[in-house]
Amino acid sequence: MQVLAVRQHWGRQFDPPQFDWRKLKRAMLQDWFVEAKYGIFLHWGIYSAGDWGESWPFFNGEVSYETYMAQAQSFTAQKYDPDAWARLFAESGARYAVLTAKHHDGFALWPTQVSSLNAVEGSPAGRDLIGPYCDALRRHGLKVGIYYSHLDWSHPDYASVLPGGAQPHDHSNMHSNPFGYPQNGPDEARWEKFLAFHRAQLKELCTLYKPDLLWFDGDWERDPEQWRFAELRDQLHEWAPGVVLNSRMGGHGDYGTPEQAIPITAPDEMWEFCVTTNDHWGYVKSDNNWKTPRQCIRMLAECAGMGGNLLLDIGPKSDGTIPDEQADILRQIGRWTHKHGEALYATVRGLPAGHFYGASTLSPARDTLYLFLFDRPYDEIAVKGIRNAVKSVEVVGSGQALQHRVLGGAPWAHLPGVLWIEVPEGALDSDCTVLKVQLDGPLDLYSGAGDVVTLNV
Ligand code: GLC
């Protein structure tokens with residue numbers, strides 16, 4: 001078990017040192033993305049047919065490559081209804097979605113001209129699955145994201161950087177060189193062939209579907225120079241003007257992608273937290289370790305409070321239907337987002353830690369503070385360090401006005417007291433109550449150590 005756990009994380013440990021998304025340039029970060037706050041991630045592919053998750057099982061030697069790839073025969077997409085997907089995402093309050101066009105296994109969901117390993121030629125689905133998804137999202141006012149894995153564990157030329165030109169899915173070779181780094185140097189000619197294939201697929205995706213966002217993955221097995229990511233960035237902008245790029249192109253993207261572990265402190269640059277609703281990205285029938293809708297709402301508020309987006313993952317079944325549990329989570333999040341939209345979309349990060357025990361956001365003018373209550377208050381809740389006068393406090397959704405007062409403080413030293421807000425039981429939302437604090441101007445925050453006596457010493 002221990003060995004497996006370590007191997008599962010090879011990829012993450014071997015991100016090249018250049019992968020520091022905190023230093024991203026943000027050159028192409030679009031307003032829609034920064035304001036969106038909430039997107040839906042979809043892992044859908046031949047792996048949705050089995051009971052073991054996406055791509056990794058054959059890489060990790062848990063099933064043979066042949067057994068894994070045979071799942072393609074059960075990938076029917078028979079009940080695939082992209083309009084129903086898009087309707088559900090809009091109902092949930094998401095502003096964009098990201099669908100796996102090709103995962104590490106190399107199986108493409110669109111009719112790529114450069115490989116027969118695709119839904120049209122290689123599965124009973126027999127049709128393009130990406131185009132209808134893009135159209136449906138746009139009909140429902142959502143932005144279109146496409147996930148694409150740079151690495152391809154099925155492509156014959158991708159193997160060329162492994163010792164002896166071995167196939168990445170040839171497990172025996174993984175033991176001798178588990179991290180996929182070349183021992184005798186890469187076979188340059190085959191690597192160039194692979195790069196041509198990689199660029200051809202990306203050009204297809206860009207020109208056919210004009211994605212608003214390209215969500216990359218799998219950059220860790222080669223360094224950014226080998227991938228020529230700087231060049232790729234320019235090519236993508238040419239093929240899909242205005243496209244937003246995530247960071248997983250050796251740091252040449254626009255924003256960071258913390259995964260599965262929510263940041264504790266707010267990252268400096270733009271970021272998006274991706275997380276599963278159970279323990280797998282793709283559909284795994286036996287995995288019932290669901291997060292509750294309330295926990296998901298809390299993650300969404302925490303991300304927004306730290307200036308980021310939440311990309312919440314679901315895994316449709318091989319017939320294209322979304323598992324009931326996930327549809328239910330999305331609907332329940334929707335009840336909450338529709339009621340509290342003004343505290344979420346297009347807001348900016350809220351109070352730093354220490355001022356309020358919960359998440360908070362601010363209006364872009366920073367004169368309206370939104371407080372997210374994750375727990376039931378006793379009688380009053382406290383906010384510390386606000387120097388502004390408070391004009392009003394009300395409950396988002398109902399508009400109910402709340403009593404508030406400031407106690408303490410040292411006005412002669414310009415140190416604010418504590419703002420106490422009364423929150424009666426009847427004002428509480430069933431998942432997360434949000435309060436709107438109207439300030440007399442842009443937030444003026446005191447975050448110091450509170451020492452007045454020694455100020456002039
Ligand atoms: C990791 C996993 C991959 C998954 C991705 C989603 O990189 O390797 O399977 O698709 O996370 O962020």
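Data block above holds the structure.
The following refers to the structure shown. (Residues numbered from 1 in each chain as written. Predicted model: local features only at pLDDT ≥ 70, side-chain atom pairs only at ≥ 80, totals over all residues. Heavy atoms only, no water.)

### Considering the pairing of strand β14 (residues 418–422)
Next, step 1: With burial as the criterion, only one face of β14 is covered, namely that bearing Leu-419 and Ile-421; the residues Val-418, Trp-420 and Glu-422 on the opposite face remain uncovered.
Next, step 2: Where strand β11 (residues 380–384) lies against β14, 5 bridges are found, and the strand directions are antiparallel. Note that in β14 the partner of Ala-382 across the bridge is Trp-420.
Next, step 3: The pairing of strand β13 (residues 404–407) with β14 spans 4 bridges and is classified as antiparallel. Bridge pairing links His-404 to Ile-421 in β14. (Buried < 20%, exposed > 50% of the residue type's maximum accessible area, 1.4 Å probe, protein only. Helix = DSSP H or I, 4+ residues; strand = E, 2+ residues; numbered from the N terminus. Pairing = 2+ DSSP bridges.)

### Structural notes on the nonpolar core
Nonpolar side chains in soluble globular proteins tend to end up buried together.
Next, step 1: In terms of nonpolar packing, the biggest core is built from 94 residues, with Phe-89, Tyr-133, Leu-236, Leu-312 and Phe-372 touching the most fellow members.
Next, step 2: Apart from the residues lying within four places of it in its own chain, the contact partners of Tyr-133 are Leu-42, Tyr-80, Pro-82, Trp-85, Ala-97, Val-98, Leu-99, Val-144 and Gly-145.
Next, step 3: Membership of the second largest hydrophobic core comes to 21 residues, among which are Ile-381, Ile-421, Val-423 and Leu-435. (Core = buried A, V, L, I, M, F, W, Y, C linked by side-chain atoms within 4.5 Å. Contact = heavy atoms within 4.5 Å.)

### Some thoughts on the sheet that holds strand β7 (residues 309–314)
Next, step 1: With parallel pairing, the 7 strands of this open sheet are ordered in space as β5-β4-β3-β2-β1-β7-β6. With partners counted over all chains shown, the strands left at the sheet margins are β5 (244–245) and β6 (272–276), one partner each.
Next, step 2: The sheet contacts of helix α10 (residues 188–209) involve β2 (96–102), β3 (143–149) and β4 (213–217), and relative to β3 the element is tilted by about 170°. (Axes fitted to C-alpha atoms, helices over the stretch in contact; angles between N-to-C directions.)

### Brief notes about the pairing of strand β15 (residues 433–439)
Next, step 1: In terms of burial, β15 is largely enclosed, as 7 of its 7 residues are buried.
Next, step 2: Both faces of β15 are covered, namely the face carrying Thr-433, Leu-435, Val-437 and Leu-439 and the face carrying Val-434, Lys-436 and Gln-438.
Next, step 3: Of the pairings in the sheet, the one linking strand β10 (residues 368–373) to β15 comprises 6 bridges and is antiparallel in character. Among the inter-strand pairings, Leu-369 is bridged to a residue of β15, identified as Val-437.

### A closer look at unusual backbone geometry
Next, step 1: With a phi close to 65°, Lys-37 is a non-glycine residue in the positive phi region.
Next, step 2: The exposure class of Lys-37 is buried, given its relative accessible area of 2%.
Next, step 3: With phi around 65°, Gln-260 is a residue other than glycine that occupies positive phi space.
Next, step 4: On the basis of relative accessible area, Gln-260 is assigned to the partly exposed category, the value being 35%.

### Details of the packing of aromatic side chains
Next, step 1: In this structure the tally under the stated criterion is 30 aromatic pairs.
Next, step 2: A centroid spacing of 5.6 Å and a plane angle of 70° characterise the contact between Trp-32 and Tyr-96, whose relative ring orientation is edge-to-face. Of the two residues, Trp-32 is situated in helix α3 (residues 31–36) and Tyr-96 in strand β2; the sequence distance between them amounts to 64 residues.
Next, step 3: On the basis of relative accessibility, which here comes to 18%, the residue Trp-32 falls in the buried class.
Next, step 4: Look at Tyr-96 and you get buried, because its relative accessible area is 0%.
Next, step 5: Aromatic side chains Trp-56 and Trp-153 sit 5.1 Å apart centroid to centroid with 75° between the ring planes, which places their arrangement in the edge-to-face category. Placement of the pair is Trp-56 in helix α4 (residues 56–59) and Trp-153 in the loop between β3 and α9 (171–176), with a sequence separation of 97 residues.
Next, step 6: Each residue in the set Trp-56, Phe-58, Phe-59, Tyr-65, Tyr-68, Trp-153 and Trp-220 is aromatic and connected to the rest through ring pairs, giving one cluster.
Next, step 7: In this structure, Arg-95 is placed above the aromatic ring of Tyr-345, and the distance from its NZ or CZ to the ring centre is 3.6 Å. (Phe/Tyr/Trp six-rings, centres within 6.5 Å; stacked < 30°, edge-to-face > 60°. Lys NZ or Arg CZ within 6 Å of the ring centre and 35° of its normal.)

### Describing helix α12 (residues 229–239)
Since there are 3.6 residues in each turn of an α-helix, residues three or four apart along the chain are aligned in direction.
Next, step 1: Of the residues making up α12, those classed as buried are Phe-229, Leu-232, Arg-233, Leu-236, His-237 and Trp-239. Down the axis of α12, the smallest arc covering the buried residues is 165°, so these residues share one side. Counted as exposed and oriented over 90 degrees from the buried face of α12: Asp-234 and Glu-238.
Next, step 2: Tucked into the core, α12 has its buried residues touching α10, β4, α11 (224–227) and β5. (Arc of directions from axis to C-beta.)

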